[in-house]
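# Topology and contacts: notes
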Amino acid sequence: MGENLYIHVPFCSSKCDYCAFYSIVTADNMQITQWLDKIIEQLDSAELEKPLETIFIGGGTPTALSEANLECLFKALCRFTGNNTEISIESNPETISSEKIELLAKYITRISMGVQTFNPQLREKLGRRCSDQAINSAIKCIRAVPNLKFNIDLIYAIPGQTLEDWESDLNRVIASGVDHVSCYNLSIEEGTALVARLGENNTIDDELSIKMWNTANKILSAAGMPRYEISNYAADENQCRHNRNIWYGGRYLGLGPAASSFNGRDRWTQVYSLSEWLEDQAAELDIIASEARINEIFSIGLRTVAGWKREQWERVYTLKYCLRSWAELTATINVLPQPVRNLFKVTENQIKLTKHGLNFWDLVAEALI
Ligand code: SF4
């Protein structure tokens, strides 16, 4: 099942205060070996198309794994890859060394590194344990590898962050030589250490946050990396194919605790617990009516700046699943309340959100789903 594979590595070297992802801090090699053995066992029995279009190794911090464990994982993945398979890995600066990058360079085509902010005071505010030196050294190691696509993740709207601080982060990320940037609005999630420290409502005002979002597009576009999705910026040839496939309704298999899968109709998510996942605890199923699913897929595609092109919709859905024609899709928009309809730009062959509409994607998704 699936043209795309996601592997969740649930280990981190420390826990960031804002983090709501499933990850554990462990130095227990036994746990890591059990996780790896099970992933390899599941790969052996997985029904995957060969070669896969994309593989995304996320987490957690995949580069927290030792070189020996990473090599083991990549060797198990080799039989699913072809010349055109995009292979991405997420990383953190403190787990990158020149030896690790040298090993990764044999297998991957794309690396994504979480910096969040180059400003040490703001990093401290986020509870992100990483030094300037680790960031600079990791960037140097990654840039030394030719032809490796390179993304950096940034967070904005951090309490106390000014527009000037944000512009400085954007200029630093450009100077790092990346070809892709992801910029996420800080979300202070319930249950995190950050909410306990700052309180749920300790966010910067919406107006400044929108200004920061607009500034990101202005500065990154001028550097050749225009926005192509609400939070992502890159030239066409450097866009993340894995994420694009997911946004446009592609099928994917997710392995590892907390990993989700989608077979074109149903979704399922593995348990958020390493020990229960190791004990084969059943995944949580998300089975909904096909009409509701198609609305969900339609809205996720609207997160992209280009939205849906007619031939793309027809290729993915009308032909494959015979669920809704382009004309019916257009009709879906016509029955939405006028203020939501105004957020769309609909032409004969394309349905997308306006730039203003992208800011209100949540409202659009709510209206559609
Ligand atoms: S490195 Fe990423 S996954 Fe790990 S704790 Fe920090 S934000 Fe969460």
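Residues numbered from 1 in each chain as written. Predicted model: local features only at pLDDT ≥ 70, side-chain atom pairs only at ≥ 80, totals over all residues.

## A look at the overall build of the protein
Of the regular secondary structure elements, the protein holds 16 helices and 17 strands. The principal-axis extents of the C-alpha atoms in the protein amount to approximately 55 × 50 × 40 Å. Long-range pairs, those at least 24 residues apart, make up 71% of the contacts in the protein between residues at least 6 apart in sequence. (Helix = DSSP H or I, 4+ residues; strand = E, 2+ residues; numbered from the N terminus. Contact = placed C-beta atoms within 7 Å.)

## Observations concerning the site of the ligand
For the ligand, the full set of nearby residues is Cys12, Lys15, Cys16, Cys19, Phe21, Ser23, Gly59, Gly60, Thr61, Asn92 and Gly114. Among the residues making up the shell around the ligand, the classes are represented as four nonpolar, six polar and one charged. (Near = placed C-beta within 6 Å. Nonpolar A, V, L, I, M, F, W, Y, C, P; charged D, E, K, R; others polar.)

## Looking at the sheet that holds strand 16 (residues 344-347)
Across the sheet, which stays open at both edges, the three strands sit in the order 15-17-16 with antiparallel pairing between neighbours. Two strands close off the open sheet at either side, each with one partner strand: strand 15 (308-309) and strand 16. For strand 15 and strand 17 (residues 350-353), the ladder comprises two bridges, and the chain directions are antiparallel. Residue pairing across strands places Lys309 opposite Gln350, the latter belonging to strand 17. (Pairing = 2+ DSSP bridges.)

## So, the domain arrangement of the protein
Reports of interface size often rely on the accessible area that becomes lost once the parts have come together. Each domain of the protein was delimited in the assignment, giving domain 1 (4-245) and domain 2 (290-369). Using C-alpha coordinates to define each centre, domain 1 is positioned 29 Å away from domain 2. Each partner contributes residues to the interface: domain 1 has five residues there, and domain 2 has six residues. The biggest single contributor to the side of domain 1 that touches domain 2 is strand 9 (residues 227-229), with three residues. Along the lines of polarity and charge, the residues of the side of domain 1 that touches domain 2 split into three nonpolar, no polar and two charged. (Domains from an automatic or database assignment.)

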